[in-house]
Amino acid sequence: MTWETVIGLETHVELATKTKIFCSCTTAFGGDPNTHCCPVCTGMPGTLPVLNKKVLEFAVKAGLALNCAITRRTKFDRKNYFYPDLPKAYQISQLYLPICRDGRVDIGGGKTVRVHELHMEEDAGKLVHDPWIDQTRADYNRCGVPLIEIVTEPDFRTADEVIAYLEKLKEALTYLGVSDCKMQEGSLRCDVNLSVRPAGSDTLGTRTEMKNLSSFKAIARAIDYEAKRQIELITEGKRVVQETRRWDENKDATYAMRSKENAQDYRYFPEPDIPPVELSEEYLDALRAAQPELAGAKRVRYQADYALPEYDCQMLTSDPALAAFFEATVALGAPPKQAANWIMGEVLAALSARAMEPKNMPLTPPTLARLIALVTGGKLNRNTAVKVFEAVFDADGDVDAYVKAHGLEQIDDAALVEDVVDRILSANPKSVEDYRSGKEKAFGFLVGQVMRELKGKADPKTVNELLRSKLS
Amino acid sequence: MKITTELVDYISELSRLSLPKEEKAAMTAQLERIVGYMDVLDRLDTAGVEPMSHVFPLKNVLREDEVVPSQDRAELLAGAPAPDPEAFLVPKAVE
Amino acid sequence: MNELMNLTALELGAAIKRGDVSIPEVTALALNAVECAPHNAFITFTPEQALRRAEALQRGLRDAVSPLYGVPMGIKDNICTQGIKTSCASRILGDFAPPYEATATARLAAAGGLSIGKTNMDEFAMGSTTETSFYGPVKNPWDLTRVPGGSSGGSAAAVAARACWYAIGSDTGGSIRQPASYCGVTGVKPTYGTVSRYGLIAYASSLDQIGPLARDASDCAAILDVLQGKDPHDGTSLDGQYGHLLEGLTGDVRGLRIGVPTDCFGDGLDGQVRKAVLAVADVLKARGAEVVELSFPVMEYVVPTYYIIAAAEASSNLSRFDGVKYGWRAGGYDGLTDLYNRTRTEGFGMEVKRRILLGTFVLSSGYYDAYYRKALQVKAIIKEAFDKAFQSCDLLLTPVAPTTAPKLGESLSDPLQMYLSDVYTVSVNLAGLPGLSMPCGFDGNGLPIGAQLIGPHFGEGRLLNAAHAFQLDTDWHKRAPCGSSSAACGGAHPSPSVPAEKAYKEGGILA
């Protein structure tokens, strides 16, 4: 029998706001335990939540990018359960009127995945067990960090489709600037709901939910493992138990966490502390108008407008800050292909050497554009330009001032160059002889002598041409 | 509506309360009486009435996304029943 | 000296401002009064802080603006005061000293407020008698064998016993108005959203509101002028024209339409209470108000609706008390769940546990629609009934409670009966309206009777002015219980300080 795997995803994405969803504490990752906290996010009695404006904006932007219908009147609800990472013993979330519903994502290959809903909620804290004292430490720094949870319909059939969707999601959300989507820091977390059924069947099998998937690789492996496990169970005449399973990266296996059969009764009810949110048509229009061009659209445009190869387009759009840098450099007059080469070459190398993200790059587009202009204008040769680039990168230095201060301008005084060429030729009769007798190597030596005399500042092309004409 | 011991056990578990036996029996009887009285609401036809969670037409109460320094950790932890300089302590709670 | 204890807060504030008396002097008087009083009105008494504060306020007197500057008061123990124990009268909060201050008390402090301590209350404000306090019951200053009402029983008793000039309470279903009524003081539950709830330990978030208990309507107006205001830390707080209540007290009620809902004066209401409350209408009528009878056909639904909603929210609000972050933790636990169970089972009293279980039940899977959702629908109907009533009148006159203060120990054995006694007050919270309770007479046992005035949203000015008008012509609010720290002995005897022509003549009933 052939089997079909049916997968739905619940993805939690931490939003890149400066402050938490209901208080003004920083959302910065890391920090000593309980130092990004206040009475509100530690659930002290008497404190009240006040919604962060930016969270709403980011959730709507994400919903628009996922082609969702935006709920015009949205509300928060309380989800009640006891766990030490949740200091109020309820999570403020959305059940009855989530902010976005009914979206779809084109994941390529003619496949579309339906988004059931997208809602806003608060993150929980972190628990770390200390075996020395046999106690668990609760750190509430992450409590109240804003999340959107994106729930898909069970539309995936393979791990590849899941990864394609997640890549797409990640690309869209980073382009929108609503999240940095760093799985290693937990800002993108994924729960996978998976069931299997005989191919062709239209009823769903019993599903399991897998948690603790911290990389795309882990997701793909967990899906393969779990599908295989379920098929084996059924083939052996056993039953799949509806449960939550945890992926163990080291053992390459999933194991049962807590049974969903004693499903929690979360007693959701409308959050009395937060008045409803109504989104006006003007508000939505303004956000629609401000939606940035996403990576896919950019790639198409770069190919069409700048005639860049597909590889370049892919590289330049791999990061929104990089793409923005490229576009700004081109807008300042740099030839697109040259700008692309500089960015894919020197810029990425410099970033990588500094373990720096593009959005934190000190170098600005005007500086790179000026450097490229000096090269194309014949004022600086490419090799010298690379040295200048290295020198100005960290402080976004003034290219012209640096070139002038270090006397690096390319010599375009034809008379001076000719004078030097003449002097070198008369000082090296042996080499001239060798060249004329067919020894091409002698030509290189002569070029080197001229360049040396001119301290490398002449355009090598001009020197070449002049020498050849004098020697012929 | 009959309030059974099983129901009281169920809601007690959800509420993280474990009533001693005598208390539970009294509570069950009281809850049955109270809930029975609440059934008076059934007399009122509420078909088509929108449930009202907020009595005021207040909406869109939002805050700017501006960081305010967090509270001193020692102050936040000062009232914790199990003292630790960095965190709130609980019995093992990691799966 | 005892004369000072009988002044209203505003009178004392004026005397302080004039230099007739110093703030440390009056503070010492209040502290002494609390120490001598047998009512158990305070859970945490802070004489050192109060005296230090009094000295500091005295030094700044020259720049004082507020008419309440330097007047000693009490704060209900469910309102967070930075660094000072805030217990909600519950074992589970232990010695919790909040690292933050409630907005309401911060506003009072900015106006020169001076707290002498935290007043006793029903545990988590759940109760109508102040007998559910972990710190023991409060006794009614008019009769020490009776309850002061609740849940703000400590605040009401302290003001009635002349132990302080005013107090702050909270009202979720009548918790300011009912004890004000039982203790013969004036109390206001303001329009929902006009006083910040930030720092008020929540019982039922959609119903809770902080308000004053004081000697008369003028004091309440002055206190509300300080308390009310939009607070960015409370998302349910409302913008409004605040701070003009005191200056609006003219006593002119000509043309004011007083609605008397006949449904509130039927079965179950004590005859003496009925008579005294209806007499309020006569006094106001004599000053030019109109009295209109009207029907309010939702009375039988208000108590169940209130208890479903309040219990549901309470079950969620009180989940955070788990022995982990603050407060008290049970001993002898084995593992996390046992820690939660023991701490909560031993840390909460019976009434609190009853409401948590009730609230958990009405929200639980399978019962949500039949109870909680239904209650939210009925709430909409109750709100509509008020809207309709306020089309034909400007404010409503009702009793506060069906009887005067019951004996200690009589109420808790039958919770449902206790809930039913909240019938006149809870609907005001459900609809978010302002409500005022003021003394309007005494029963045969010498116990105070209270009348309730209910206004439309933001109708505080109207309520207070009507109460002020009533108090200009009557002296019920000036009576002090025997054995209080003032000289005057009240009870059913009219105070000699009130001119005879202004004293209200008993016997008037609504035609």
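Residues numbered from 1 in each chain as written. Chains lettered and ligands numbered in written order. Predicted model: local features only at pLDDT ≥ 70, side-chain atom pairs only at ≥ 80, totals over all residues. Heavy atoms only, no water.

Peer 1: So what exactly am I meant to see when it comes to the pattern of salt bridges here?
Peer 2: A side chain with one charge can pair with a side chain of the opposite charge if their charged atoms come near. By the definition in use, this model includes 67 salt bridges over all chains. Of the charged contacts in the structure, one is a salt bridge between Glu390 of chain A and Arg354 of chain A, with a shortest N-O distance of 3.7 Å. Pair noted here: Glu390 of chain A is in helix 10 (residues 382-393) and Arg354 of chain A is in the loop between helix 8 (336-353) and helix 9 (365-376), with a separation of 36 residues, a long-range link. Residue Arg287 of chain C pairs with Asp473 of chain C through a salt bridge whose shortest N-O separation is 3.0 Å. Of this pair, Arg287 of chain C sits in the loop between helix 9 (271-286) and strand 8 (290-294) while Asp473 of chain C sits in helix 16 (residues 460-473), placing them 186 residues apart in sequence. A relative accessible area of 26% means that Arg287 of chain C is categorised as partly exposed. According to the relative accessible area criterion, Asp473 of chain C is buried, its value standing at 19%. Taken together, the shared-partner salt bridges in this structure form one network comprising Arg78, Glu271 and Asp273 of chain A together with Arg197 and Asp234 of chain C. (Salt bridge = Lys/Arg side-chain N within 4 Å of Asp/Glu carboxyl O. Helix = DSSP H or I, 4+ residues; strand = E, 2+ residues; numbered from the N terminus. Buried < 20%, exposed > 50% of the residue type's maximum accessible area, 1.4 Å probe, protein only.)

Peer 1: How do you make sense of the domain arrangement of chain A when you look at a structure like this?
Peer 2: Buried accessible area, meaning the area lost when the parts come together, often serves as the stated size of an interface. Residues and elements named next belong to chain A. Splitting chain A by domain gives domain 1 (3-281), domain 2 (293-405) and domain 3 (414-471). Computed from C-alpha atoms alone, the centre-to-centre distance between domain 1 and domain 2 is 37 Å. Each partner contributes residues to the interface: domain 1 has seven residues there, and domain 2 has eleven residues. When residues of domain 1 are sorted by the area they lose upon contact with domain 2, Glu171, Tyr175 and Lys182 head the list and together hold 76% of the total. In this assembly, domain 1 and domain 2 are joined by two salt bridges. (Domains from an automatic or database assignment. Contact = heavy atoms within 4.5 Å. Buried area = accessible area lost by both parts, 1.4 Å probe.)

Peer 1: Help me understand the interface of chain A and chain C in this model?
Peer 2: Every contact between the two is made by 30 residues of chain A and, on the other side, 37 residues of chain C. Summing the contributions of chain A and of chain C, the shared interface buries around 2,700 Å²; its carbon and sulfur component is 61%. Our count for the contact surface shared by chain A and chain C stands at one salt bridge. One salt bridge in this structure joins Asp273 of chain A and Arg197 of chain C, with 2.9 Å as the shortest N-O distance. Applying the counting criterion to the chain A and chain C interface returns twelve residue pairs in polar contact (both at pLDDT 80 or more). In terms of residue class, the side of chain A that touches chain C is built from 20 nonpolar, five polar and five charged. (Polar contact = N/O pair within 3.5 Å; in protein donor to acceptor, adjacent residues only side chain to side chain. Nonpolar A, V, L, I, M, F, W, Y, C, P; charged D, E, K, R; others polar.)

Peer 1: Whenever I open this one, the interface of chain C and chain B confuses me. Can you help?
Peer 2: Each side of the interface is counted separately: chain C has 61 residues, and chain B has 52 residues. When residues of chain C are sorted by the area they lose upon contact with chain B, Tyr301, Leu357 and Leu416 of chain C head the list and together hold 12% of the total. Remark: the boundary between chain C and chain B carries three salt bridges. With a shortest N-O distance of 3.5 Å, Glu23 of chain B and Lys353 of chain C are connected by a salt bridge. The tally of links between chain C and chain B comes to 19 residue pairs in polar contact (both at pLDDT 80 or more). Sorting the residues of the side of chain C that touches chain B by element identifies helix 10 (299-317), helix 11 (336-347), helix 12 (350-363), helix 13 (368-392) and helix 14 (415-420) of chain C as the ones contributing at least two each.

Peer 1: Would you take a moment to explain helix 3 (residues 216-235) of chain A for this structure?
Peer 2: Three- or four-residue spacings in an α-helix give side chains the same orientation, since the helix completes a turn every 3.6 residues. Residues and elements named next belong to chain A. Across its 20 residues, helix 3 extends 29 Å between first and last C-alpha, which sits within 8% of the 28 Å expected from 1.5 Å per residue. All of the buried residues in helix 3 are Phe216, Ala218, Ile219, Ala222, Ile223, Glu226, Ala227, Arg229, Gln230 and Leu233. Down the axis of helix 3, the buried set is contained in an arc of 165°. They therefore lie on one face. Projecting away from the buried face of helix 3 at angles above 90 degrees are the exposed residues Lys217, Lys228 and Thr235. Just downstream of helix 3, Gly237 is the residue with a positive phi angle, here 80°. (Expected span 1.5 Å × (residues − 1). Arc of directions from axis to C-beta.)

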